[in-house]
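# Reading the structure
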Amino acid sequence: MTSELVIGLIQQGSQLISEMIRNEVRKPHARYTQVTETVVSQPVETKIKVKLEPETKTEVKLEPVTMFHPETTSDEDYRWECCTKHLGAAAVLLREAHERAVTNKTVDDSVAEKVMAALNEHAGMDDDVKVMLSNPNARDAAQRLMDGCRQLRRAAWDCKITIGGGTVDDVADARLWNDMLYQQAYSEAKKHSGQECIRTGM
């Protein structure tokens, strides 16, 4: 074979191969074809029906405030609970007064301040006790409680623990006396099932 023939064959083969490659590139293939779908959205009409009604004014009726809950059977229940709370508060104040007196080894103004606060609790209880004096069921116990509180207040003033005088023992006696009055009121409160005083924070 001559070299010219070999060269001619190579050229023709190269052209054929080039042509095949060009055709292959121009031919669309499934894996290279992208199908694009155009989705046209149609506006949807929505009609909302709103029924307009004239504004109506509602009248709010306030119920009269009563002092007692239906569970409370009487005024007496409420009053004994209040007495117990007042005497309980006085017990705390007199305990603090006694602790100060023991720490300071004397009755000074800081002790007198606590004693006076306790006696104010007694005075606050008077209104409840006075109401019970007109109730035949509670009169005797209420009278004993009122007399005991008045005697304690008088004794506290007489021994001067209300003004920074007196002794540590005087404060201890006042504390013990108040505790006895508290037990008396608590004993009466246990006989009655009222809860209104606790609910209203009286």
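An account of the accompanying structure is given in this report. Given the structure is predicted, the values throughout are model-derived calculations rather than measurements. (Residues numbered from 1 in each chain as written. Predicted model: local features only at pLDDT ≥ 70, side-chain atom pairs only at ≥ 80, totals over all residues. Heavy atoms only, no water.)

## Regarding the side chain of Lys 114
Structurally, Lys 114 can be placed in helix H3 (residues 109-132). According to the relative accessible area criterion, Lys 114 is buried, its value standing at 18%. With near-sequence residues (within four places) excluded, Lys 114 lies in contact with Leu 93, Glu 96, Ala 97 and Arg 100. (Helix = DSSP H or I, 4+ residues; strand = E, 2+ residues; numbered from the N terminus. Buried < 20%, exposed > 50% of the residue type's maximum accessible area, 1.4 Å probe, protein only. Contact = heavy atoms within 4.5 Å.)

## Some words on unusual backbone geometry
We note that Lys 105 has phi near 60 degrees; this positive angle belongs to a residue other than glycine. Relative to the helices and strands, Lys 105 resides in the loop between helix H2 (75-104) and H3. Accessibility expressed as a relative area gives 72% for Lys 105, which makes it exposed. With phi around 70 degrees, Lys 160 is a residue other than glycine that occupies positive phi space. Residue placement: Lys 160 occurs in the loop between helix H4 (139-158) and helix H5 (168-190). For Lys 160, a relative accessible area of 45% corresponds to the partly exposed category.

## Things to note about the environment of Glu 121
Note on placement: Glu 121 falls in helix H3. Given the relative accessible area of 24%, Glu 121 is considered partly exposed. For Glu 121 and Ala 89, which are 32 residues apart along the polypeptide, the C-alpha to C-alpha distance reads 7.0 Å. Those residues within four positions of Glu 121 in sequence are excluded, and the remaining contacts are His 86, Ala 89, Ala 90 and Leu 93.

## Remarks on the nonpolar core
In this structure, Trp 80, Cys 83 and Leu 145 are the most contacted members of the largest nonpolar core, which totals 30 residues. Mapped by element, the contributors of at least two residues to this core are H2, H3, H4 and H5. In terms of residue count, the dominant contributor to this core is H2 (8 residues). (Core = buried A, V, L, I, M, F, W, Y, C linked by side-chain atoms within 4.5 Å.)

## Some remarks on the packing of H4 against H5
At a minimum axis distance of 10 Å, the contact between H4 and H5 shows a crossing angle of 165 degrees. One finds that H4 runs roughly antiparallel with respect to H5. Remark: the crossing between H4 and H5 carries left-handed chirality. Facing H4, whose interface residues are Ala 141, Arg 144, Leu 145, Gly 148, Cys 149, Gln 151, Leu 152 and Ala 155, H5 presents Ala 174, Trp 177, Asn 178, Leu 181, Gln 184, Ala 185 and Glu 188. Each residue belonging to the contact of H4 with H5 can be placed in one class, and the counts come to 9 nonpolar, 4 polar and 2 charged. (Axes fitted to C-alpha atoms, helices over the stretch in contact; angles between N-to-C directions. Parallel < 35°, antiparallel > 145°, perpendicular 65-115°, else oblique. Left-handed = near helix turned anticlockwise from the far one by under 90°. Nonpolar A, V, L, I, M, F, W, Y, C, P; charged D, E, K, R; others polar.)

## Topic: the packing of aromatic side chains
With the rule as written, the count across this model stands at 1 aromatic pair. Measuring from ring centre to ring centre gives 6.1 Å for Tyr 182 and Tyr 186, while their planes differ by 10 degrees; the resulting arrangement is stacked. Pair noted here: Tyr 182 and Tyr 186 are both in helix H5, with a separation of 4 residues, about one helical turn. When its relative accessible area of 36% is taken as the criterion, Tyr 186 is described as partly exposed. (Phe/Tyr/Trp six-rings, centres within 6.5 Å; stacked < 30°, edge-to-face > 60°.)

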